[in-house]
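Here is how the chains run, residue by residue.
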Amino acid sequence: MTDRRGTLWAAILGSGIVFLDSSVLTVALPRIARDLPAHVVGILEGESYVYSGYLLGESAFLILAGWLTDVHGRRRIFTLGLAAFGISSLLSGFASSLEWLIVLRVLQGISGALIVPGSLALVTASFSGEEQGRAFGVWSGASAGVAVLGPMLGGLLVDALSWRAVFLINVPLVLVALWLTRRYVGEGRVAAPSGSLDLPGTVLTALALAGLSVGAISGQQRGWSNPSAFVALGIGAIATALLPWWMLRAPDPLVPPALFRSRNFTVTNLSTLVIYAALAVTFYYLTLFLQGTLGYSAAAAGVATMPGVLLLALFSSRLGGLSARYGARWLLTLGPMLMAVGVLWLSRIPSTSPAWDLSAAAQTFTPPSGYVTSVLPGLLVFGLGATLMVAPLTATVMRSVPVERAGVASAVNTAISDVGPQLAVAVLFVAMTQNFYGALARDAPGVDVTSAAVRHAVAPLNVPGPGVSEDVRRAARDASTGAFRLAMLVAAVLLFAGAVINGAGLRIPSGAPLLRVASPDPLWRRCRHIAQEIRGES
């Protein structure tokens, strides 16, 4: 194996580990919440923190990690990220409580932030010309494959072994990636970026994200009786207010305000905020609903959500021709509208929809009729819309700024696509919990829904604990279905809003210079690389 090929496989394996860990986690969340004791957080609250903690750690350190990679060396920071990710994964696999797992997930997110920018930098530095294009093609195909197979693999691991295997499987993969890095990857760094790192901006971003998310989730779970929730919200609100003030005054701001003088850059980032928020809401709560309410096995939930992702992986990179022929504006309007229609279809899933037990012990692997009629059509329409939207959206962002600002523009768009999901899941958690316990109090009048014991035993989108009567279980199933329907309606509204923002705000003539996404985002939100393509070439 040559050094360049070894570098490519190290980059693929490194970023693939990060993508795999993200895609398999959602199918493991219900089992994690059921098995791990929670001493401080509630069940759904803990699930939300385990999910969003990774995103918080990653988004807060993403731009910082890119700066470290350029200044201190690609190989060194990539190796540090791999080692930290392996250690945090090992510790996560042996977590003794939900609270410890939340802390370790934040550390995983920080480690992932060190890995992903380095993986793209290694490929960029090792290849050039047509070879670089082919290398990014291999990188993107492998990443998309991980996104497609990740949920199914995670479900099989959870059902056959334990949810702990979802984290422990990272360890041997990290060891292989570290060996490849040491054996084939050469050190490389570029001249230090002009100006200094905007550390205050980085800190303010982290405080804003963490304060608003943690405060909203914690306050609702505890009925707004704990002052810590208000303290967290206050910190988040103050940091959010100070962030634009600081960006306008900092000598070298984390996000240069001049970027937003471009109309298309501003519009696409605004639509990214709402569309990617809808993406996170849809798949996060759909996976919980399928398992915790309808009774799908973890493997079945993973396979059930594959069709939409499969369409994206197979066809999103081929949308450049349509974008150039008809104009990206129409694709960026039609795509989110189709996604909204798919989400509205998912909102129709009834509480009586049958379970799907896809496991080695199951007598059949055929999905139930309820999946074919209530779930699959919505996912196919959603996936078609996402396929139309993802590549043109990324290309439009990068085309709207000068070439010398492409790296910063990509980082800004990636950070925004991280912020939207975190805040949307946290804010919607408040509304869904209120909706769930209101419906439960109505349908099960004898249950004190304000009791901490009741909230621990009966949580939204989760199987009720032992000792809960059948009547309360039935009422909880109906209440969870109502809460899930609310989440899907909110996601649909966000997607329609994204379509309107793109349709009314963008100014992109048909026949504009064609850009191709050389590494389409397998999780629809991160790690974009744009490469120029000569019209007429494949």
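Source: prediction; values computed, not measured. (Residues numbered from 1 in each chain as written. Predicted model: local features only at pLDDT ≥ 70, side-chain atom pairs only at ≥ 80, totals over all residues. Heavy atoms only, no water.)

Draft legend 1. Seen up close, the environment of Ala160. Among the secondary structure elements, Ala160 is positioned in helix 5 (residues 129-160). Residues Ala160 and Ala299, 139 residues apart in the sequence, show an inter-C-alpha distance of 9.4 Å. (Helix = DSSP H or I, 4+ residues; strand = E, 2+ residues; numbered from the N terminus.)

Draft legend 2. Structural view of helix 9 (residues 227-249). Compared with the 33 Å implied by 1.5 Å per residue over 23 residues, the 33 Å span of helix 9 between its first and last C-alpha is a close match. Where helix 9 bends most, the angle comes to about 30°, and this point is Leu243, followed within four residues by the proline Pro244. Those residues of helix 9 lying buried are Ala229, Ala232, Gly236, Ala239 and Met247. (Expected span 1.5 Å × (residues − 1). Bend = angle between axes of the 7 residues up to and from the residue. Buried < 20%, exposed > 50% of the residue type's maximum accessible area, 1.4 Å probe, protein only.)

Draft legend 3. Quick peek at the nonpolar core. In terms of nonpolar packing, the biggest core is built from 101 residues, with Ile32, Tyr285, Tyr296 and Leu440 touching the most fellow members. With 16 residues, the top contributor of residues to this core is helix 10 (residues 263-292). For Tyr296, the residues in contact, after removing those within four places along its chain, are Leu290, Gln291, Ala301, Ala304, Pro354, Ala355, Trp356, Pro368, Tyr371 and Val375. Core analysis: the next-biggest nonpolar cluster, separate from the first, contains 5 residues, Leu259, Val397, Val412 and Ile416 among them. (Core = buried A, V, L, I, M, F, W, Y, C linked by side-chain atoms within 4.5 Å. Contact = heavy atoms within 4.5 Å.)

Draft legend 4. Quick peek at helix 10. Between its terminal C-alpha atoms helix 10 stretches 43 Å, which fits the 44 Å expected from 30 residues at 1.5 Å a residue. For helix 10, the buried fraction is high: 26 of the 30 residues fall into the buried class.

Draft legend 5. A look at the packing of helix 14 (residues 328-346) against helix 18 (residues 470-505). Contact geometry for helix 14 and helix 18: axes closest at 8 Å, N-to-C directions at 170°. Classified by the interaxial angle, the pair formed by helix 14 and helix 18 is roughly antiparallel. Across the interface between the two elements, Arg329, Leu332, Thr333, Pro336, Met337, Met339, Ala340, Val343, Leu344 and Leu346 of helix 14 pack against Phe484, Met488, Leu489, Ala491, Ala492, Leu495, Phe496, Ala499, Asn502 and Gly503 of helix 18. Along the lines of polarity and charge, the residues of the contact of helix 14 with helix 18 split into 16 nonpolar, 3 polar and 1 charged. (Axes fitted to C-alpha atoms, helices over the stretch in contact; angles between N-to-C directions. Parallel < 35°, antiparallel > 145°, perpendicular 65-115°, else oblique. Nonpolar A, V, L, I, M, F, W, Y, C, P; charged D, E, K, R; others polar.)

Draft legend 6. Structural detail: a nonpolar patch on the surface. Judged by side-chain polarity, Leu199, Val203, Leu207, Val231 and Ile235 come together as a nonpolar surface patch covering roughly 410 Å² of accessible area. Those elements that place two or more of their residues in the nonpolar patch are helix 8 (199-221) and helix 9. Tallying contributions element by element places helix 8 first for the nonpolar patch, with 3 residues. With respect to the helices, strands and loops of the structure, Val203 is situated in helix 8. Taking the relative accessible area as the measure of exposure, Val203 reaches 40% and is therefore partly exposed. (Patch = residues over 30% accessible without salt bridge, like charges linked within 9 Å, V, L, I, M, F, W, Y side chains within 5 Å. Areas by Shrake-Rupley, 256 points an atom, 1.4 Å probe, with all protein chains shown as cover. Salt bridge = Lys/Arg side-chain N within 4 Å of Asp/Glu carboxyl O.)

Draft legend 7. Representation of the packing of aromatic side chains. Applying the stated criterion across every chain, the model contains 7 aromatic pairs. Considering the side-chain rings of Phe283 and Phe382, the 5.4 Å spacing of their centres and the 70° angle between planes classify their relative orientation as edge-to-face. One end of the pair, Phe283, is in helix 10; the other, Phe382, is in helix 15 (residues 369-399), with 99 residues separating them in the sequence. In this pair, the class of Phe283 matches that of Phe382, namely buried. Centroid distance Phe289 to Phe484: 4.2 Å. Interplanar angle 5°. Geometry classified as stacked. Highlighted residues: Phe289 in helix 10 and Phe484 in helix 18, separated in sequence by 195 residues. Phe484 carries the same exposure label as Phe289, and that label is buried. An aromatic cluster of at least three residues, connected via ring pairs, comprises Tyr296, Trp356 and Tyr371. Sitting above the plane of the Trp330 ring, Arg329 keeps its charged end 5.0 Å from the centroid. Stacked on the ring of Trp345, the Lys or Arg Arg348 has its end atom at 4.4 Å from the ring centre. (Phe/Tyr/Trp six-rings, centres within 6.5 Å; stacked < 30°, edge-to-face > 60°. Lys NZ or Arg CZ within 6 Å of the ring centre and 35° of its normal.)

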